[in-house]
Amino acid sequence: MTHTSQSRAALSRTALLGSLSLSVALGLTACSAANESSNSSSGGTGSATAAQVSGTLNGAGSTAQEAAMEAWKASFQSANPNVTVNYDAVGSGSGREQFLAGGVNFAGSDSYLSTDEVKAAKKTCGSSPVEVPVYVSPIAVIYNLPGVNKLQLSPATVANIFAGKITSWNDPAIRADNPGMSLPGTAITPVHRSDDSGTTANFTDYLSKVAHMEWTYPADDTWPIKSGESADGTSGVVAAVKHGSGTIGYADASQAGSLGEASIKVGSHYAKPTTAAASAVLAESKAVAGRQSTDMAMDVNRTTTKSGVYPIVLISYQITCSTYDSKAQANLVKAFESYVISAPGQNAAAKQAGSAPITAALRTQAQQAINTISAGRQ
Amino acid sequence: MSSTVLREPRPPTRSRAGDQVFRGLAAGAAALILAALAGVVVFLTYQGAPAFTAPATAVPGASGFFGYLWPLVFGTLLVSGLALVMATPLSIGVALFISHYAPRRLASVLGYMIDLLAAIPSVVYGLWGISFLAPRLVPLYSWLDQHLGFLPFFAGPTSATGRTILTAAVVLAVMVLPIITALCRETFLQVPRLHEEAALALGATRWELVRVAVFPFARSGMVSAAMLGLGRALGETMAVVMVLSATGVVSVNLISSVNPSTIAANIALQFPEAAGLTVNVLIATGLVLFVITFAVNLVARSVVARRKDFSGAA
């Protein structure tokens, strides 16, 4: 018996050693991938045409962009065989932090740089940052209510449901939004994100602007109230809504799958969370005041009343420096960003991640901002 | 320790150098573990320190660090405690069956299956919990709410998805089951044959044998097994993150959507987007979890140490 216990202990020790060496090996791989020299031998000049660039581009940030980034990486790398693009989807906050600390060449972020961060970026880059919207995605209000496959909600009703004030599906407010429909008396379970999330920030921003009487909390990455059900990540919310009955949540529209998506009242119409309606809201939105021309930070116009516009969208940005140490690096960043905002790049993202392509006007503006990227820092 | 093994004097060999090297390597490995542990403590303390002194309004939730910490500690202890309450009797039963009831062949197969449970990654348990177990527990929770709703534990309103703290505790119980079972089985197998035969000779039935010979001998082993299981449950992250609908309240209601979070799950959820002082706060909660886990393990070890001849919980 002692023998048994000894051999068991030996076994577990071997397993521990094995896992240790494995993790060390993984760590080393990760390090070497990150340390791959980013200097390159490219002689590419001024023009940002794709064929001449080479080197390694390191980015970090938003998880929302991850799926789109897969598509961008794949086609950019196949068009430029000497280029390696690494993107670490660590979350927007971490991505911005790494970028400001000079750890990565670009950051992906679901919220634009704050005024303080712009200052920090100027210090790190030695010049103003370039901030362009690259990923626009409608956030759908998803629900699972057997027997109901079409649902219309006004902003006030949405706010009251998520605040826990409307607790039953046959509440008069919901019936008023859906005239002539028979709704069951099932209890409503609102599902929100338990992790910090740009989706939550945009959703609460929408509620606080459009239904400020019913939703008295400011926009926040973290869900502000302690009621309702919570779930981790977009997939967690979708799973919770799917496995419950009478559940309602908010998630990236491309991830809604077979769940019902509510139409949201905008002005006097009800809008579906389509990519076209999401793109349309960009034209309605205003740039943040007091920014450089290369900084395209914008506040989404949540209170629009125009028909065919869906105001609950998430805008994710890519943030780069406007000057880089070497010409090769600057050209690489320029080429990659130009591809990302180009029509093929946006369509690839739409296909892979279900995002809404940015409008032509925005593209022109973004291209102008990207064109300022140069090798100036010595 | 100081017990020197006396051997026949051997002719001098070259293994002397090998001995020295091996001894050095072994000592180095031991020192490295201590250094790693010390490093973790230093890191947690250093990085967590700003959270303890930060003004209350700067901490997320604006109620100070301890206001932030308390629901998490409560949730951690509640879910781990529930898991332990469910897992310990079951584990002891399984271990007893393997060591004293089952035929030899069945026992080894069963032991192997239990060990296999320990090899399943926690993310798989999480998936199982969220998409299989939780929806199937909803009817049970409704029943509890209807019939035992007067108890604060089952006050409702019932969760529509079943992702409650009770479900999380069930998942955790399944996860700690293999550890507790394996350790209990080892202790039960170490009960001296003479004790058992003496009991049988006095006319004891199988149950009486277990009661008078096995349990008294194995008590410390069972306690330490449960404690080590508790240590595992306290730190479990992924499964809790996926299964539990955590909203940060302090509540003993076990069947509603509104539940306290746990320290480990909260760190996993909040860290990716955290910046500035929030990072310090999260690391400080990690320090608290470290202290709790350390205390639990210390208790387990001290129980084991009280019986020097016991070696099953190595």
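These numbers come from a predicted model, not from an experiment.

(A) Structural context of the overall build of chain B. When helices and strands are tallied, chain B shows 10 helices and 0 strands. For chain B, the α and β elements follow one another from N to C terminus as α-α-α-α-α-α-α-α-α-α. Its C-alpha atoms give chain B principal-axis dimensions of roughly 75 × 55 × 30 Å. Taking all 314 residues of chain B together, 43% fall into the buried category. Summarising the internal contacts of chain B: among those between residues at least 6 apart in sequence, 78% fall at separations of at least 24.

(B) A look at the overall build of chain A. A tally of regular secondary structure across chain A gives 12 helices and 14 strands. Taking all 378 residues of chain A together, 50% fall into the buried category. In chain A, once contacts between residues fewer than 6 apart in sequence are set aside, the share between residues at least 24 apart is 72%.

(C) Region of interest: the pairing of strand β3 (residues 106–109) of chain A. All names here are of chain A. A two-sided burial pattern is seen for β3, the buried positions comprising F106 and G108 on one face and A107 and S109 on the other. Pairing between strand β1 (residues 55–61) and β3: 3 bridges, direction parallel. In the sheet register, A60 faces β3, and the bridge partner there is A107. When β3 meets strand β14 (residues 313–321), the two strands line up antiparallel, connected through 4 bridges. Counterpart to S109 in the pairing with β14 is Y317.

(D) Examining the interface of chain B and chain A more closely. In this assembly, 30 residues from chain B lie in contact with 31 residues from chain A. Those elements that place two or more of their residues in the side of chain B that touches chain A are α4 (122–148), α5 (165–189), α8 (238–243) and α9 (263–270) of chain B. Broken down by element, the residue count for the side of chain B that touches chain A peaks at 4 residues, all from α4 of chain B. Split into classes, the residues belonging to the side of chain B that touches chain A amount to 16 nonpolar, 11 polar and 3 charged.

(E) Representation of the confidence of the model for chain B in the model. Within chain B, residue pLDDT values average 87, and 93% of them lie at 70 or more. Overall fold confidence (pTM) sits at 0.76, and the ipTM for the predicted complex is 0.72.

(F) Layout of the sheet that holds strand β10 (residues 263–266) of chain A. All names here are of chain A. Read across the sheet, 3 strands follow the order β5-β10-β11 without closing on themselves; strand pairing throughout is mixed. The sheet is open, and its two borders are formed by β5 (152–153) and β11 (269–271), each paired with just one other strand. By the bridge criterion, 3 bridges tie β10 to β11 in an arrangement that is antiparallel. Looking at the pairing, K265 lines up with Y270 of β11.

(G) How the structure looks around the packing of α4 of chain B against α5 of chain B. Residue and element names in this part refer to chain B. Between α4 and α5, the least distance of the axes is 10 Å, while the angle of their chain directions is 135°. By the angle between their directions, the pair α4 and α5 is classed as oblique. Read as a crossing pair, α4 and α5 show a hand that is right-handed. Taken together, the residues of α5 that come into contact with α4 (itself represented by S122, Y125, G129, L133, A134 and L137) are T167, V170, V171, V174 and M175.

(H) Inspection of the pairing of strand β4 (residues 129–144) of chain A at higher detail. Residue and element names in this part refer to chain A. Along β4, 16 of the 16 residues are buried, which leaves the element largely enclosed by surrounding structure. Pairing between β4 and β14: 9 bridges, direction antiparallel. From the neighbouring strand, P133 faces β14, where its bridge partner is Y317. Two elements, β4 and strand β8 (residues 247–252), share 6 bridges in a ladder whose sense is antiparallel. Its bridge partner lying in β8, I142 is registered against G249. In the sheet, β4 pairs with strand β9 (residues 260–261) via 2 bridges, with the strands oriented antiparallel. Looking across to β9, one finds that I142 is bridged to E261.

(I) Region of interest: the confidence of the model for chain A. Averaged over all residues, the pLDDT of chain A is 83; the fraction at 70 or higher stands at 86%. Within chain A, no element has a lower average pLDDT than helix α1 (residues 2–35) of chain A, which sits at 43, and none a higher one than helix α5 (residues 155–162) of chain A, at 94.

(J) Focus on the nonpolar core. The biggest cluster of nonpolar side chains holds 188 residues, and the ones touching the most others in it are V141 and V313 of chain A together with A83, A169, L172 and V176 of chain B. No other element matches α5 of chain B, which puts 18 residues into this core. In this view, A83 of chain B contacts A169, L172, A173, V176 and A233 of chain B; residues no more than four positions away in its chain are not counted.

(K) The arrangement of the packing of helix α2 (residues 66–79) of chain A against helix α11 (residues 343–353) of chain A in detail. Residues and elements named next belong to chain A. Between α2 and α11, the least distance of the axes is 8 Å, while the angle of their chain directions is 130°. With respect to α11, the axis of α2 lies oblique. Seen along the crossing, α2 lies across α11 with a hand that is right-handed. Listed contacts from α11 to A67, A68, E70, A71, W72 and S75 of α2 are G345, A348, A349, Q352 and A353.

Rules of the game
Residues numbered from 1 in each chain as written. Chains lettered and ligands numbered in written order. Predicted model: local features only at pLDDT ≥ 70, side-chain atom pairs only at ≥ 80, totals over all residues. Helix = DSSP H or I, 4+ residues; strand = E, 2+ residues; numbered from the N terminus. Buried ≥ 20, exposed ≤ 12 C-beta atoms within 10 Å, placed from the backbone. Contact = placed C-beta atoms within 7 Å. Pairing = 2+ DSSP bridges. Nonpolar A, V, L, I, M, F, W, Y, C, P; charged D, E, K, R; others polar. pLDDT = per-residue confidence, 0-100. Axes fitted to C-alpha atoms, helices over the stretch in contact; angles between N-to-C directions. Parallel < 35°, antiparallel > 145°, perpendicular 65-115°, else oblique. Left-handed = near helix turned anticlockwise from the far one by under 90°. Core = buried A, V, L, I, M, F, W, Y, C linked by C-beta atoms within 7 Å.

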